[in-house]
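# Inside the fold
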Amino acid sequence: MEKMSKRKIGFISLIITIALIGVFVGRWTAEGVKTEGETYESLKIFTEVLSLVQKNYVEEANPKELVRGAIKGMLNSLDPHSSYMTPEAYKEMQVETKGEFGGIGIQIGIKDSHLAVIAPIEGTPADTAGIKAGDRIVKINGESTKDMSLQDAVGKMRGPKGTSVTITILREGLQEAKDFTIVRDIIKIQSVRSKMLEDGIGYVRISQFQERTGTDLADALKNLEKEKANSLILDLRNNPGGLLNGAVEVSGEFIPPGKMVVSVKGRNGEKGEYITDSKRPYYEHPMIVLVNEGSASASEIVAGAMQDWGRSMVLGTQTFGKGSVQTVIPLSDGSGLRLTTAKYYTPKGKSIQNTGITPDIVVKVKAVKPRTAIREKDLERHLTNEQKKEDDIEKKPPDEEILPEIEDKEGKEDIQLQRAIDVLKGWRVFKGIKEKT
């Protein structure tokens, strides 16, 4: 009897929660958000189903898990970048933005109801094990990933350092699926790396946009200046993005103060602008920005701003095409909501959603074993680009579906990097000729 009473109390609490949802919906309506009457009808049906499950399911169901499952299902019906985070996942996300977490080190998306690798993070266990951009993850520890949410997949692949996870990969060129058993490590993402190349050409690679990326980039540029760098290559290839503010700070190192880096527009049409405000002198030397199909979100913001302001040439292949902004909202129980709240636009007002940034100089590289590139337009439930009809967005561009091996560890076989070096050298030659005449 006591057990039944507890169940009844739990269920009443759940109904109160649903009632509160109605209160919040009503408040939002008062603030001008249009709410259809059918929303209330749907909530009524939801409480009916919840009551039936609670009373009649063959085993006792956990009310909290039922509600969390419903929330996950709701968000899974939206675009592929909106998701619910359990308290554990929310904490991990906060740690990740600081540049350190336990896992194997890959950026993933969903294609054809399966997980797909957008890009491995450089120097991580996944990268070392040979996981490639374009790989499809069909199983995690023997469990099928079909219809598995991104957040659930991330949770299964992350874990303490020293433990292992087995992911089953399908890859073009392989006759059958292949298992990769990868030992987890603390993934410390050094988001900015730099070095001097030949003839005074500096090289900076940004692998992800984090809290310290802008500061770390400023330090890297200072060090290159000390080594007499007179031109720069900014490598954003396979950079999956990260913090919007990080992209604005990075752009501020190269674009004069007071210039718009990106604008965002939400559902209500209100527009917000992000402006450069760096207190340091901006970098004025000639530049090339390297991008490819793995360059997404914040990477595309930087490349688009540099291109629109004529600050740098962009070289490589068409970028990923993620032109949406996600807001992370903490919830009262310690969980979190990652919700797509706006689309972003380059300084000239161009949306790159599903289309990406088109390089000024296209350099395609054919791999020994070609693999299909995955871009935003290939993900299920992707947002549309209101500036371009969906039918006008080419689904399979010729030759651009080939993913290059990004470089050997020294960059000697990196054709795109070598082409950027040649362009900068050529610029100097033409500049010298102009000055003489």
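Residues numbered from 1 in each chain as written. Predicted model: local features only at pLDDT ≥ 70, side-chain atom pairs only at ≥ 80, totals over all residues. Heavy atoms only, no water.

## Re the sheet that holds strand 19 (residues 361–362)
Filter applied, for reference: Should DSSP find at least two bridges between two strands, the strands are regarded as paired. Secondary structure elements follow DSSP: runs of H or I of four or more residues count as helices, runs of E of two or more count as strands, with numbering from the N terminus. Should any heavy atoms of two residues lie within 4.5 Å, those residues are counted as being in contact. To obtain each axis, a line is fitted to C-alpha atoms, and for helices this fit is confined to the stretch in contact; angles are then taken between N-to-C directions over 0 to 180 degrees.
Judged by pairing direction, the sheet is mixed, and its six strands sit side by side in the order 10-11-12-15-16-19 without closing on themselves. The sheet terminates laterally at strand 10 (192–196) and strand 19, the two strands that pair on one side only. Of the pairings in the sheet, the one linking strand 12 (residues 231–235) to strand 15 (residues 287–291) comprises four bridges and is parallel in character. Of the residues in strand 15, the one forming a bridge with Asp235 is Leu290. Sitting on the sheet, helix 9 (residues 298–308) touches strand 12, strand 15 and strand 16 (313–316), and the angle it makes with strand 15 is about 145 degrees.

## Examining the nonpolar core
Note on soluble globular proteins: their nonpolar side chains tend to be buried together. Put simply, the rule reads: Nine residue types can take part in a nonpolar core, namely buried Ala, Val, Leu, Ile, Met, Phe, Trp, Tyr and Cys, and a core is a set of them joined through side-chain atoms within 4.5 Å. Between buried and exposed lies partly exposed: a residue is buried under 20% and exposed over 50% of the maximum accessible area for its type, with that area taken using a 1.4 Å probe on protein chains only.
The biggest cluster of nonpolar side chains holds 37 residues, and the ones touching the most others in it are Val204, Ile206, Leu234, Phe254 and Val289. When residues of this core are traced back to their parent elements, those giving at least two are strand 11 (201–206), helix 7 (213–226), strand 12, helix 8 (244–252), strand 13 (260–266), strand 15, helix 9 and strand 18 (336–345). For this core, the element with the most residues is helix 9, which contributes six residues. With near-sequence residues (within four places) excluded, Leu234 lies in contact with Val204, Ile206, Phe254, Met287, Ile288, Val289, Leu290 and Val302. Membership of the second largest hydrophobic core comes to 19 residues, among which are Ile106, Ile131, Ile140 and Ile169.

## Considering the pattern of salt bridges
Oppositely charged side chains are able to pair whenever their charged atoms sit close together. As a reminder, the rule being used: Should a side-chain nitrogen of Lys or Arg be within 4 Å of a carboxyl oxygen of Asp or Glu, the pair is scored as a salt bridge.
Here the structure, examined in full by the defined rule, presents 12 salt bridges. A salt bridge links Glu386 to Lys343, with the nearest nitrogen and oxygen atoms 3.3 Å apart. Here Glu386 is found in the loop between strand 19 and helix 10 (415–436), whereas its partner Lys343 is found in strand 18, with 43 residues between them in sequence. We classify Lys343 as buried; its relative accessible area is 15%. Ionic contacts of the salt-bridge type, sharing partners, join the residues Arg205, Asp235, Arg237 and Asp414 into one network.

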